Amino acid sequence: KIVYTFHNHCYALVNKPYNLFKDYKNEWKFLHIKEKTVAQEADHVIVTSKRLVNPLSNILNRKVNFIPNTIGPLEEYNLTKTYTSKSQPILLSLCRFAEEKNLFRSAQAFKKLLSVYPHALWLIGGDGELRQNFIDKCKHLGLNIKPRNPKSSLNNTIRNKGSAQVILLGQVAGQDKSWLFNLADVFFLPSLMEVSPLVGLESLAYGKIIVASTIPGWMDYKDNGAKIFLANPRNINNITKNLIMA
């Protein structure tokens, strides 16, 4: 038996599903034509997004099966949220500093959150081409932002944060990532574009509440039972509202 799994078909812009077979760049045309051929010839076709079962079934003129891309039925895991302090929530974002991750609107929402929780802390792990641009914009907003000293441990960086409200942690992996997930109260990433974010699975595995965006990649987690608050990623007030509700 040959089983073919679609994954990138759920790449989507906000409120605008991405059609794998039409909305491609010219240099991808050969790839998508061949992919459609393979999917029509395979014994079984699987997708990880329930809302795309019917559209793909119609395009391929065949049955398409849904298998959720999660850690399994969430009720089996007895997940609980563990706030360090409701008055001092810790937000965690792990992503590239790229346009589609929507970090500047997230910073504006976090600034508004501080009027409700003045001691909230936002930890951001990752790197990317827009890192310095993000730092400059945060400073313009009046946020106290602190890059991590590469020689300092995560624990020391956060313990000695001083008046910092946003801490840039750089690339994190392994035990550092595990430590951060255990420390954080909310995973925060209202991105503009996603496929099926693996960092969402990691958040679920650690029992974290997620604040993300109303795009298919994140909506799939809600469909599968995650405790996730979805905001319009272009509406700063809506992002803030969902942060407060979380």
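Predicted model only: the values in this text are computed from it and were never measured.

Some words on the overall build of the protein
Looking only at helices and strands, the protein has nine helices and twelve strands in total. Looking at the protein alone, contacts between residues at least 24 apart form 60% of all its contacts between residues at least 6 apart. Carbon together with sulfur atoms contributes 51% to the accessible area of the protein, which is approximately 12700 Å² in total.

Remarks on the packing of helix H3 (residues 103-113) against helix H9 (residues 236-245)
Where H3 meets H9, the axes come as close as 8 Å, and the angle between the chain directions of the two elements is 55°. With respect to their mutual orientation, H3 and H9 come out oblique. The two elements H3 and H9 meet at a crossing, and its hand is right-handed. Residues Arg105, Gln108, Ala109, Lys112 and Leu113 of H3 touch H9, and the partners they reach there are Ile236, Asn237, Ile239, Thr240, Leu243 and Ile244. Per-class residue counts for the contact of H3 with H9 are six nonpolar, three polar and two charged.

Remarks on the pattern of salt bridges
One pass over the full model with this rule turns up three salt bridges. In this structure, Glu194 and Lys101 form a salt bridge, with 2.9 Å as the shortest nitrogen-oxygen distance. Here Lys101 lies in the loop between strand E6 (90-94) and H3 and Glu194 lies in the loop between strand E10 (186-188) and helix H7 (198-205), a separation of 93 residues in the sequence. The exposure class of Lys101 is buried, given its relative accessible area of 10%.

Side note on the pairing of strand E11 (residues 209-213)
E11 sits mainly inside the fold: five of its five residues count as buried. Of the two faces of E11, the one lined by Ile209, Val211 and Ser213 and the one lined by Ile210 and Ala212 are each fully buried. Pairing between E10 and E11: three bridges, direction parallel. Note that in E11 the partner of Phe188 across the bridge is Val211.

Quick word on the sheet that holds strand E8 (residues 145-147)
Spatial strand order, E8-E9-E7-E6-E10-E11-E12: seven strands in an open sheet with parallel pairing. Of all the strands in the sheet, the pair left with one neighbour each is E8 and strand E12 (228-231). Mean inter-strand twist for the sheet, computed between neighbouring axes without regard to direction, equals 20°. Examined bridge by bridge, E6 and strand E7 (residues 121-125) share five bridges and lie parallel to one another. What sits directly across from Ser93, in E7, is Ile124. Together, E6, E10 and E11 form the strand contacts of H7, whose direction differs from that of E11 by roughly 155°.

Concerning helix H4 (residues 131-141)
Among all positions of H4, only Phe134, Ile135 and Cys138 are buried. Buried positions in H4, seen along its axis, are confined to an arc of 100° and lie on one side of it. Exposed residues on H4 whose side chains face more than 90 degrees from its buried face are Lys139 and His140. Buried residues belonging to H4 abut H3, E7, E8 and strand E9 (166-170). Directly beyond the C-terminal end of H4, a positive phi value near 90° is found at Gly142.

Brief notes about the nonpolar core
Formed by 56 residues in total, the largest nonpolar core has its most connected members in Phe110, Trp122, Leu123, Phe134, Phe187 and Trp218. Contact partners of Phe110, with chain neighbours within four places excluded, come to Leu91, Ala120, Leu121, Trp122, Leu143, Gln165 and Val166. In terms of nonpolar packing, the next biggest core, distinct from the first, is built from eight residues, Val45, Val53, Leu56 and Leu60 among them.

Points about the sheet that holds strand E1 (residues 3-6)
Across the sheet, which stays open at both edges, the three strands sit in the order E1-E4-E5 with parallel pairing between neighbours. Edge positions in the sheet fall to E1 and strand E5 (65-66), since each has one partner strand and no second. Where helix H1 (residues 29-41) meets the sheet, it contacts E1 and strand E4 (44-47), and its direction lies at approximately 135° from that of E1. Sheet strands touched by helix H2 (residues 53-60): E1, E4 and E5. Its angle to E4, the strand with the most contacts, is close to 145°.

Looking at the packing of aromatic side chains
Overall, the coordinates contain seven aromatic pairs when judged by the stated rule. An angle of 50° between the planes, with centres 5.8 Å apart, marks the rings of Trp218 and Tyr221 as tilted. In this pair, Trp218 and Tyr221 both sit in helix H8 (residues 216-223), three residues apart, roughly one turn of the helix. Both residues of the pair, Trp218 and Tyr221, belong to the buried class. Taken together, the aromatic side chains of Phe97, Phe110, Trp122, Phe134 and Phe188 make up a single cluster linked through ring pairs. Sitting over the face of the ring of Phe104, Lys137 holds its NZ or CZ atom 4.7 Å from the ring centroid.

Cut-offs and rules
- Residues numbered from 1 in each chain as written.
- Predicted model: local features only at pLDDT ≥ 70, side-chain atom pairs only at ≥ 80, totals over all residues.
- Heavy atoms only, no water.
- Helix = DSSP H or I, 4+ residues; strand = E, 2+ residues; numbered from the N terminus.
- Contact = heavy atoms within 4.5 Å.
- Areas by Shrake-Rupley, 256 points an atom, 1.4 Å probe, with all protein chains shown as cover.
- Axes fitted to C-alpha atoms, helices over the stretch in contact; angles between N-to-C directions.
- Parallel < 35°, antiparallel > 145°, perpendicular 65-115°, else oblique.
- Left-handed = near helix turned anticlockwise from the far one by under 90°.
- Nonpolar A, V, L, I, M, F, W, Y, C, P; charged D, E, K, R; others polar.
- Salt bridge = Lys/Arg side-chain N within 4 Å of Asp/Glu carboxyl O.
- Buried < 20%, exposed > 50% of the residue type's maximum accessible area, 1.4 Å probe, protein only.
- Pairing = 2+ DSSP bridges.
- Arc of directions from axis to C-beta.
- Core = buried A, V, L, I, M, F, W, Y, C linked by side-chain atoms within 4.5 Å.
- Phe/Tyr/Trp six-rings, centres within 6.5 Å; stacked < 30°, edge-to-face > 60°.
- Lys NZ or Arg CZ within 6 Å of the ring centre and 35° of its normal.

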